[in-house]
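Tertiary structure, described
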Amino acid sequence: NPLIGIGSLADHMGQARDLPDSLRRQVALIASEARRIDELLGSHLSQFRPRSFEFQPIALEELVRDTQSLLSEAFRKRKIHVTLTVEGEIPAVEGARGPLQQVFLNLAMNALDAMSEGGGTLAITLFRENRPEDEGVGVRLADTGPGIPEALLKRLNEPFFTHGKAKGVGLGLTICRDIVDRHRGTLSIESSEGGGVRATVWIPLRQEGA
Ligand SMILES: Nc1ncnc2c1ncn2[C@@H]1O[C@H](COP(=O)(O)OP(=O)(O)O)[C@@H](O)[C@H]1O
Ligand SMILES: [Mg+2]
């Protein structure tokens, strides 16, 4: 499919000798994004052939930083300030790279949409959180947008639930939840009207059989 072509062209460009480092990094992102779309198509659209995730050690900080770079231009344009706080040593988790990248992108894009008028701050925090049943890592994205009214909060789990956007599809959070569930993790969305949204992903360090 054409994504393979985009990916390998970008790989090829990345090998050019006189490329500045910043461009080399961007070209590498194009290549990895093309691969990610390809993976997404495989794992979400072909419901009849559900592909299982391939778990590998993942530094969540790296995925969060990639999310930041992918959206940096959009954040800048909308005057959204992004901060990243890493609390202590964060161990790698066993996870599926492309799908986890998608989770952070979807959550960050929701924050972006919510703050696209008047700007704001997206505060991302990585922290260690051990639960009685498992050790794990948490990633919290807290925005300063308008928040979600209580009456709508319980509808966030409904596929195709979208509210207040011209181009909302309403699958972003559904996909996030599916991916997090398949890691035996949790996703919580907390909000008070006027108080922004706190989206927290928790992923256990280890997957059974990984
Ligand atoms: N950070 C946020 N701030 C305000 N509202 C949000 C936020 N995240 C999600 N929402 C609300 O939840 C709805 C569903 O989100 P999502 O599943 O990503 O679908 P979509 O973004 O396509 O509408 C959004 O339409 C929006 O009303
Ligand atoms: Mg969304």
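The model shown is predicted, which means the values in this text are computed figures rather than measured ones. (Residues numbered from 1 in each chain as written. Chains lettered and ligands numbered in written order. Predicted model: local features only at pLDDT ≥ 70, side-chain atom pairs only at ≥ 80, totals over all residues. Heavy atoms only, no water.)

1. Examining the overall build of the protein chain
Inclusion rule: Helix numbering and strand numbering both begin at the N terminus, where a helix is a DSSP run of H or I of at least 4 residues and a strand a DSSP run of E of at least 2. For the radius of gyration, the atoms used are the C-alpha atoms, and the globule rule reads 2.2 Å times the number of residues raised to 0.38. A 1.4 Å probe rolled over the protein chains alone gives each residue an accessible area, and that area as a share of the maximum for its type sets the label: buried under 20%, exposed over 50%, partly exposed in between. Any two residues whose heavy atoms approach within 4.5 Å at even a single point are treated as in contact. Surface accessibility follows the Shrake-Rupley procedure with a 1.4 Å probe radius. Residue values consider only the protein chains on display as shielding.
Regarding its fold elements, the protein chain presents six helices and seven strands. In the protein chain, the order of α-helices and β-strands from amino to carboxyl end is α-α-β-α-β-β-α-β-β-α-α-β-β. Over its C-alpha trace the protein chain gives a radius of gyration of 18 Å, about what one expects of a compact globule, namely 17 Å for 210 residues. With respect to the principal axes defined by its C-alpha atoms, the protein chain has extents near 55 × 45 × 40 Å. Of all 210 residues assigned to the protein chain, the portion counted as buried reaches 39%. A separation of at least 24 residues holds for 69% of the contacts in the protein chain among residues at least 6 apart in sequence. Carbon and sulfur atoms provide 54% of the accessible area of the protein chain, an area that totals close to 12000 Å².

2. Topic: the nonpolar core
Considering soluble globular proteins, one finds that nonpolar side chains tend to be buried as a cluster. Note the cut-off: In this text, buried Ala, Val, Leu, Ile, Met, Phe, Trp, Tyr and Cys residues form a nonpolar core when linked through side-chain atoms within 4.5 Å.
With 41 residues, the main nonpolar core has Leu-60, Leu-107, Leu-122 and Ile-189 as its most contacted residues. Listing elements by their share of this core, those giving two or more residues are helix H3 (60-77), strand S2 (80-86), helix H4 (97-114), strand S4 (120-128), strand S5 (136-143), helix H6 (172-181), strand S6 (186-191) and strand S7 (197-204). Considering every element that reaches this core, the biggest residue donor is H4, with eight residues. Leaving out residues up to four positions away in the same chain, Leu-122 has contacts with Phe-75, Ile-80, His-81, Val-82, Thr-83, Ala-108, Ala-111, Met-115, Leu-141, Ala-142 and Asp-143.

3. Thoughts on the sheet that holds S4
Applicable threshold: Strand pairing is defined by DSSP finding a minimum of two bridges between the two strands. Only the stretch in contact is used when fitting a helix axis, every axis being a line fitted to C-alpha atoms; angles between N-to-C directions are given from 0 to 180 degrees.
Ordered by their spatial adjacency, five strands build an open sheet running S2-S4-S5-S7-S6, and the pairing between neighbours is mixed. Only two strands of the sheet have a single partner each, and these edge strands are S2 and S6. Between one strand axis and the next, the sheet turns by 15° as a mean value, whatever way the strands run. Summarising the sheet, S5 and S7 pair through seven bridges and their orientation is antiparallel. Its bridge partner being in S7, Gly-138 is matched across the sheet by Trp-202.

4. With respect to the site of ligand 1
Condition: Note on terminology: near, applied to a residue and a molecule or strand, indicates that one of the residue's heavy atoms is within 4 Å of it. Think of a polar contact as two N or O atoms within 3.5 Å of one another; within protein, one of them needs to be a possible hydrogen donor and the other a possible acceptor, and neighboring residues in sequence only count if both atoms come from side chains. Three classes are used, and their members are as follows: Ala, Val, Leu, Ile, Met, Phe, Trp, Tyr, Cys and Pro are nonpolar, Asp, Glu, Lys and Arg are charged, and the others, Gly among them, are polar.
Taken together, 18 residues form the shell around ligand 1, and within it Asp-143, Thr-162, His-163, Lys-165 and Gly-170 come nearest. In this structure, an oxygen atom belonging to ligand 1 sits 2.9 Å away from a main-chain N or O atom of Leu-173. When ligand 1 sits alone it has 540 Å² of accessible area, and the protein chains cover 90% of it. Of all the elements in the fold, those that place two or more residues in the shell around ligand 1 are H4 and H6. For the shell around ligand 1, the residue count by class is nine nonpolar, seven polar and two charged.

5. A short note on the domain arrangement of the protein chain
Definition in use: These domain boundaries are the output of an automatic or database domain assignment. Put simply, buried area is the surface a 1.4 Å probe can reach on two separate parts but cannot reach once they are joined, added for both.
Partitioning the protein chain into domains gives domain 1 (1-51) and domain 2 (53-204). For domain 1 versus domain 2, the distance between C-alpha centres works out to 22 Å. Listed per partner, the contact involves nine residues of domain 1 and 13 residues of domain 2. Together domain 1 and domain 2 conceal approximately 880 Å² of surface at their shared face, both sides included; 55% is due to carbon and sulfur atoms.

6. Points about the pairing of S7
Along S7, seven of the eight residues are buried, which leaves the element largely enclosed by surrounding structure. The pairing of S6 with S7 spans six bridges and is antiparallel. Looking across to S7, one finds that Ile-189 is bridged to Ala-199.

7. Let's talk about the packing of aromatic side chains
We count it as follows: Each aromatic pair joins two rings of Phe, Tyr and Trp (for Trp, the six-membered one) with centres within 6.5 Å, and gets the label stacked for planes under 30 degrees apart, edge-to-face for over 60, and tilted for any other angle. Ring-over charges, as used throughout, are those where CZ of Arg or NZ of Lys falls within 6 Å of the ring centre and within 35 degrees of the ring normal.
In this structure the tally under the stated criterion is one aromatic pair. Geometrically, the ring pair formed by Phe-53 and Phe-55 is edge-to-face, given 6.2 Å between the ring centres and 90° between the ring planes. The exposure class assigned to Phe-53 is buried, which follows from its relative accessible area of 12%. Residue placement shows Arg-131 over the ring face of Trp-202; its charged tip is 4.1 Å from the ring centre. Across from the ring centre of Phe-53, 3.8 Å away, lies the NZ or CZ of Arg-182, which sits over that ring.

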